[in-house]
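Structural overview for review
Below are the chains, spelled out letter by letter.
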Amino acid sequence: MKRREFLKASALGTAAAALVSPAAACPGELRGTGDLAVIIERASGSVMIVDTTAHETLHRVEGFGDLSHASAVYSRDERYAYIFGRDGGLTKLDILEGVITKRILQAGNAIGGAISDDGKLVAVSNYKPGGVRVFDANTLEPVADIPATFENDKRSKTVGLVDAPGRRFIFTLYDAGEIWIADFSSGSKPQLTRFMDIGDLPYDALITGDGRHYIAGLFGEDGLTHIDLWADEPAPRRILSGYGRGEKKLPVYKMPHLEGWAEGGGHFLLPAVGRHELLVMDAGTFKEAGRIAVHGQPVFAVARPDGRQAWVNFAHPLNDTIQVVDIPSLKIIHEFKPGPAALHMEFSPRGHEVWLSVRDSNEVHVYDTSSFRKLAVLKAQSPSGIFMTARAHRIGL
Amino acid sequence: MQCPSIIWLLLSSLMGACIVTMTSALALDESAERRLTHLVRQDCGSCHGMTLKGGLGGPLLPKDLKEFESESIASIILDGVPGKPMPPWQGQLSKEEALWIADKLKKGFPQ
C-alpha cells in the first residue's frame, strides 16, 4: 500500500471506529451506561459521572450554573442526562462522552423536571415565572409553555412535577393549592385538567411506581392530598388528615421530599412534617397504619427497590445520621453517622448497594445494604443528588 | 412590587408579639463567621437558593432587603413566620448571630 492510500485507509478506519464506538474511557472500547450515575456537586455547578460497578469517577463536567436543589432525568437509551438547575438551566449531558451537548436557560428560578413516557418531551417546573415549560428532548427547542396562573393574573410556583403514563405531566401549584395534569397525548398542545382546593401550601408531590396514585404533601395542613389517576373521574381527596392531632409542629429546617418515598409490604412510609416520625400508611386504604419514632425530622424515606428496607435521613441540625427501617416489622434495625449533611441516597437498581452524599465531608459513600458495611468512598465537592441511569425506565423518576 | 413575599414576611413578623431588641452587629470570631456563612449558603440555601436568589423562600439579595432594617430581618430569622415554611432559628442561633447574618445579607453575603 502506498503511503497516501495507507493514510486514507487509516483515516477512514478511525472515522468508522468513532461512529460505532462512543465509549468514554479509551477510544475503541465499548461500554454500556446501565451502571453509570451522575452526582450533583451543588456548590461548584459541576456534575460527576461515576461507574457504580467499579466505584470510580469517570468524568467531572463543569458549567451547569447554580445546582442547589438540582435533579436529573434520563433519556430512554440511558445515554443522556437532563440536569435541572436552580437558575432555570436545563442541560443535556452526554454521560458516555462526558460532555454537555446542549444547555439553555429556560426560566429565572426552577425546581426540577420530568421526561415523558415516550422520552420525547422534557418538562421543567419553574418558580419564576411560575409554571411548567416543555422542551423537545432531542433539541431542547421549546414545545409548550404552561403558565401556572390563578386568581386572574397571579403566577404560582410549581412543585412535584412528575411524568405519568399516556404522555402526561402532573404538577402542583404551591401558592394556588391546585394540581394540574398536562396531557400531551395528541401532540405538542397540552390538554389541561385542573384540580382546585387541594390543600394549603402543597410543598412536594410524588407518583407511585405504577403511575396510579399522585400524592401531594401539604405544609399548611396536617395531611396529604391523593388523586387516583385510574378512577373514571379522578378527584383529589385528603388522606391522613390531622396526623399531627393538633399538636404544635416543630420548626422545619428542611422541607421533606416525597420523591422516592418508601413503599413495601403493603405500606407506604412518609416523612411527617415537623415531627420526629415516619407515618405508616396502608397502601390499599390510604389510612394511617402506625407511626415510627425516628431520630429527627425525616427528609427522605426511601425504600430499597425490593421494599424490604427504608433508609431515612434527617433535617438540619440532625442531618449527620441515617436510620434503616425493616419494613415488615416497622422497626429500626440500623443507625449510623456517615457525617454532617448526609443529604441524598440512591439505591442500585436491585438494591444491593446504597450511595449516599455526605455534603460537608465532600464525600460520597457506598454501603452494602445487607451487611451495612461501607464499601467505598468517592471524593466529591459538596455532593447532593445522586441519579442512577436505571431511573430512565421508572415512572415518576 | 418586586417581592411581595418578603414584605409579607416582614409585616407578619412585626405583627408578632415578640419584638427582639438588639444593639448593632457584633463582630464574631472567624470560625463563627465561617460556620454561619456555611449555614446560610447551604441550609438557608435549600429554600432561598444557594446564591440567595430565592426558591420556595423569597430572594435575600441586598436589593431585595434594602427596605428593611437589620433588626427586623434578624427578628424574622429568630422568630420565623407563623403559617409559612420559614422556621424560627431561635435555639439554633443567638441574637448576635442572627443580627450578623442580617447585616451581611443587606451588604451582600460572603461566599
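The rules we used
Residues numbered from 1 in each chain as written. Chains lettered and ligands numbered in written order. Predicted model: local features only at pLDDT ≥ 70, side-chain atom pairs only at ≥ 80, totals over all residues. Heavy atoms only, no water. Helix = DSSP H or I, 4+ residues; strand = E, 2+ residues; numbered from the N terminus. Buried < 20%, exposed > 50% of the residue type's maximum accessible area, 1.4 Å probe, protein only. Contact = heavy atoms within 4.5 Å. Areas by Shrake-Rupley, 256 points an atom, 1.4 Å probe, with all protein chains shown as cover. Phe/Tyr/Trp six-rings, centres within 6.5 Å; stacked < 30°, edge-to-face > 60°. Lys NZ or Arg CZ within 6 Å of the ring centre and 35° of its normal. Buried area = accessible area lost by both parts, 1.4 Å probe. Salt bridge = Lys/Arg side-chain N within 4 Å of Asp/Glu carboxyl O. Polar contact = N/O pair within 3.5 Å; in protein donor to acceptor, adjacent residues only side chain to side chain. Nonpolar A, V, L, I, M, F, W, Y, C, P; charged D, E, K, R; others polar. Expected span 1.5 Å × (residues − 1). pLDDT = per-residue confidence, 0-100. Core = buried A, V, L, I, M, F, W, Y, C linked by side-chain atoms within 4.5 Å.

1. Notes on the overall build of chain B
Helix and strand content of chain B: five helices and zero strands. Taken from the N to the C terminus, the helices and strands of chain B come in the order α-α-α-α-α. Per-residue burial over chain B gives 52% buried out of 111 residues. Counted over contacts in chain B with a minimum sequence separation of 6, partners at least 24 positions apart contribute 65%. Of the roughly 5600 Å² of accessible surface on chain B, a fraction of 58% belongs to carbon and sulfur atoms.

2. What to know about the packing of aromatic side chains
All names here are of chain A. Across all of its chains, the model carries nine aromatic pairs over all chains by this definition. Considering the side-chain rings of Trp-311 and Phe-372, the 5.9 Å spacing of their centres and the 55 degrees angle between planes classify their relative orientation as tilted. Placement of the pair is Trp-311 in strand β27 (residues 309-314) and Phe-372 in the loop between β32 (363-368) and β33 (374-379), with a sequence separation of 61 residues. Summarising the aromatic geometry, the rings of Phe-336 and Tyr-367 are spaced 4.8 Å apart at their centres and angled 55 degrees between planes, so their arrangement reads as tilted. Of this pair, Phe-336 sits in strand β29 (residues 331-336) while Tyr-367 sits in strand β32, and the two are 31 residues apart along the sequence. Both residues of the pair, Phe-336 and Tyr-367, belong to the buried class. An aromatic cluster is built from Trp-311, Phe-336, Phe-347, Tyr-367 and Phe-372, whose rings are joined through pairwise contacts. Against the face of Tyr-80 rests Lys-92, its NZ or CZ located 4.5 Å from the ring centre.

3. Re the interface of chain A and chain B
For interface size, the figure often reported is the accessible area lost on association. Each partner contributes residues to the interface: chain A has 24 residues there, and chain B has 22 residues. It is Arg-42, Tyr-253 and His-316 of chain A in chain A that bury the most area against chain B; as a group they hold 26% of the surface buried on that side. At the surface where chain A touches chain B, the tally comes to one salt bridge. The tally of links from chain A across to chain B stands at nine residue pairs in polar contact (both at pLDDT 80 or more). Each residue belonging to the side of chain A that touches chain B can be placed in one class, and the counts come to 11 nonpolar, six polar and seven charged.

4. Points about helix α5 (residues 95-107) of chain B
All names here are of chain B. Compared with an ideal rise of 1.5 Å per residue, which puts 13 residues at 18 Å, α5 spans 18 Å between its outermost C-alpha atoms and is within 8% of the ideal. All of the buried residues along α5 are Glu-97, Ala-98, Leu-99, Trp-100, Ile-101, Ala-102 and Leu-105. Those residues of α5 hidden inside the fold are in contact with α2 (30-48), α3 (62-65) and α4 (70-79). Among the residues trailing α5, Gly-108 stands out with phi positive, at a value near 110 degrees.

5. Section: the pattern of salt bridges
Residue and element names in this part refer to chain A. Throughout the structure, instances matching the rule amount to 27 salt bridges over all chains. Here Lys-154 makes a salt bridge to Glu-151, at a shortest N to O gap of 2.6 Å. Given the relative accessible area of 42%, Lys-154 is considered partly exposed. With relative accessibility at 53%, the residue Glu-151 sits in the exposed group.

6. A few points about the confidence of the model for chain B
Across chain B, pLDDT averages 81, with 77% of residues at or above 70. The element-level mean pLDDT for chain B is lowest in helix α1 (residues 4-15) of chain B, coming to 48, with α4 of chain B highest at 95.

7. Brief notes about the side chain of Asp-51 of chain A
Residue and element names in this part refer to chain A. For Asp-51, the location among the structural elements is in strand β2 (residues 46-51). For Asp-51, the side chain forms a polar contact with the main-chain nitrogen of Ala-54, separated by 2.9 Å. The residues contacting Asp-51, other than those within four sequence positions of it, are Arg-31, Asp-35, Leu-36, Glu-56, Leu-58 and Trp-355.

8. What about the nonpolar core?
Ranked by size, the top nonpolar core spans 27 residues in total, and within it Leu-93, Ile-101 and Leu-105 of chain B carry the most contacts. Secondary-structure elements contributing two or more residues to this core are α2, α4 and α5 of chain B. Element by element, the count of residues in this core is highest for α5 of chain B, at six residues. Once you skip the residues sitting within four places of it in the chain, Leu-93 of chain B turns out to touch Leu-36, Leu-39, Ile-77, Leu-78 and Ile-101 of chain B. Counting residues in hydrophobic clusters, the runner-up holds 26 residues, among them Val-159, Ile-215, Ile-239 and Met-255 of chain A.

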